[in-house]
Amino acid sequence: MEVLFTFDMKKHQEQGLVMKFPEVTFQFNKKPEDIEIQTASIIVTYGGDVDVALLDKATALEWIMVASAGVEKMPLAEIAERNIVMSNVRGIHKTPMAESVLAHILSLQRSLPLIDERQRSKEWNRKVGSIELKGSTVLILGPGAIGSEIGRLLQAFGVTTIGCNRSGRASESMDETIKFEALIDRVGIADFVISVLPSTPETKGLLTEGHFKAMKDNAVFMNFGRGDLFAEPILIDALKSNEIRHAVLDVFETEPLPADNELWLLANCTISPHVSSLSGKYVERALTIFEENLGKWQQGERDLLNLIDMELGY
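Residues numbered from 1 in each chain as written. Predicted model: local features only at pLDDT ≥ 70, side-chain atom pairs only at ≥ 80, totals over all residues. Heavy atoms only, no water.

Asks: Quick rundown of the packing of helix H4 (residues 94-109) against helix H6 (residues 145-155)? Include the residues and the values.
Replies: Orientation of H4 relative to H6, taken along the N-to-C sense of each, is 45 degrees, at an axis distance of 9 Å. Overall, the two elements H4 and H6 adopt an arrangement that is oblique. The way H4 lies across H6 gives a crossing that is right-handed. Across the interface between the two elements, Lys94, Met97, Ala98, Glu99, Val101, Leu102 and Ile105 from H4 touch Ala145, Ile146, Glu149, Ile150, Leu153 and Leu154 from H6. In terms of residue class, the contact of H4 with H6 is made up of 10 nonpolar, no polar and three charged. (Axes fitted to C-alpha atoms, helices over the stretch in contact; angles between N-to-C directions. Helix = DSSP H or I, 4+ residues; strand = E, 2+ residues; numbered from the N terminus. Parallel < 35°, antiparallel > 145°, perpendicular 65-115°, else oblique. Left-handed = near helix turned anticlockwise from the far one by under 90°. Contact = heavy atoms within 4.5 Å. Nonpolar A, V, L, I, M, F, W, Y, C, P; charged D, E, K, R; others polar.)

Shown next, in the form of C-alpha cells:
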C-alpha cells in the first residue's frame, strides 16, 4: 500500500505516520508529477492538484483523502466513474471559523473598528454607539459542524439561533431550523445572517436581491462559506444603499479579490482574505482523521469518516 502526500508537513508528523503504519509506503512532500503516480493507491491532497490528467495516470488509485472541506473544484464525475472513494476533513475548521465569526461580531457590536480609528487620530470621544449582543437573533445558513459550533458560542451570549438548510432537519445548537424555501420569509427577523454553506448546485446563487432587501437595515451579513452564494453586485448595491448595516466577507467570487473590486472601498464592508479557518492545529487535526480512516482501510473497511457523496458534492 502506497500513500502519496502532495502537501508539506512537519518532520515529526511524517515520522509519526511511518511509526504508526510501518507496513505502508509513504511519499511525503511530493507533487504528482515528481514521482511514478501509477503506484499510489491513496493520495492525500488539498484537492487543487487533482485533475483528469492525474486520474488518467493514477491507475492504482483507490482513495483520495482531501485535507480540506470544499471539493467543488475537483472532477467529481470522473472520480465517481473510476469508483474512487473520496473523503474530506469536514468539521476540523469548526473551532477557528466559529472563533473568527464571533470575533467579527463582537468587534462590530462593541465598536472596535471605530475605537481603533479614533486611537490612530488621537481622538478622545466616548460616543461610539456600541450595541449588546444579548437578545439578538442570528440566522445561520448551513448549520452543520461549523454552523452548529457558531450557534453554540452565540447561545452562550443569549442569542437566538435559527438554522437554515436544504432539508429543514433539526440541527445542534439551533433553536429552530428552516428549509431554504422559507429563507425569504424569515431573513427579515435576523440581526445577523451568517453563511457557512458549501458550493453546490443548490447553493449557487441562493441569495438574491430580494433576500438582501428583506433583511433588516441594521442587519450584518457574513459570508464564510463560498463566494458563489450570490452575485457580488447585488451585495455591493445593498451596502451602498444601506439596505443592511455591514457585511463581513471571508470568501469571494474571485480570489484573490481583484484590486479594482468595489468591495475594498466600502466603509461598511470588512474584507477578510479567506483566513477564517487558519489555525496552527490544521494539519494535526487533518492527520487525526486520516489515521483513523487509514486504520479502517487496512482492515478492509470502506465506511470511512467524512465520505463524500459525489452527486451532492459534499
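Asks: An account of the pairing of strand E10 (residues 220-223) is requested, with residue identities and associated values reported.
Replies: Going residue by residue along E10, you find Val220 and Met222 tucked away on one face and Phe221 and Asn223 tucked away on the opposite face as well. Two strands pair when backbone bridges link them, and strand E9 (residues 192-195) and E10 are joined in this way by four bridges, in the parallel orientation. Considered in E10, the bridge of Val193 is made with Phe221. Tracing the backbone out of E9, into helix H8 (residues 209-214) and back to the parallel element E10 gives a crossover that is right-handed. Across four bridges, the pairing between E10 and strand E11 (residues 246-249) is parallel. Paired with Asn223 across the two strands is Leu249, which belongs to E11. (Buried < 20%, exposed > 50% of the residue type's maximum accessible area, 1.4 Å probe, protein only. Pairing = 2+ DSSP bridges. Right-handed = clockwise from strand over helix to strand, strands pointing away.)

Asks: Would you mind going over the pattern of salt bridges in detail, with residue names and values included?
Replies: Counted according to the given criterion, the structure contains 13 salt bridges. The partner of Glu72 in a salt bridge is Arg226, and the shortest N-O contact between them spans 2.8 Å. One end of the pair, Glu72, is in the loop between strand E4 (63-66) and helix H3 (76-81); the other, Arg226, is in the loop between E10 and helix H9 (232-240), and 154 residues separate them in sequence. Measuring nitrogen to oxygen at the nearest pair gives 2.9 Å for the salt bridge that ties Asp116 to Arg120. Of the two residues, Asp116 and Arg120 are both situated in helix H5 (residues 112-120); the distance of four residues between them amounts to about one turn of the helix. Judged by its relative accessible area of 33%, Asp116 is partly exposed. Within this structure, Glu209, Lys213 and Glu243 form a network of salt bridges that share partners. (Salt bridge = Lys/Arg side-chain N within 4 Å of Asp/Glu carboxyl O.)

Asks: An account of H9 is needed here, citing residue identities and associated values.
Replies: Listing the buried residues of H9 in full gives Glu232, Leu235, Ile236, Ala238 and Leu239. End-on view of H9: buried residues confined to an arc of 160 degrees, all on one side of the axis. Where H9 is buried, its residues contact H8, E10, E11 and strand E12 (269-271). Taken from the residues just after H9, Asn242 is the one with a positive phi, measuring 60 degrees. (Arc of directions from axis to C-beta.)

Asks: Could you give an account of the sheet that holds strand E3 (residues 42-45), with specific residues and numbers?
Replies: Read from one edge of the open sheet, five strands run E2-E1-E3-E4-E5, paired in parallel fashion. Two strands in the sheet have a free side with no partner beyond their single neighbour: strand E2 (25-27) and strand E5 (85-87). Shown here is a sheet whose adjacent strand axes are inclined to one another by a mean of 15 degrees, direction ignored. As defined by bridge partners, E4 adjoins E5 across three bridges and the pair is classed as parallel. Bridge pairing in E5 places Ile64 opposite Met86. With respect to the sheet, helix H10 (residues 282-298) is in contact with strand E1 (2-5), E2, E3, E4 and E5, its orientation differing from that of E4 by roughly 165 degrees.

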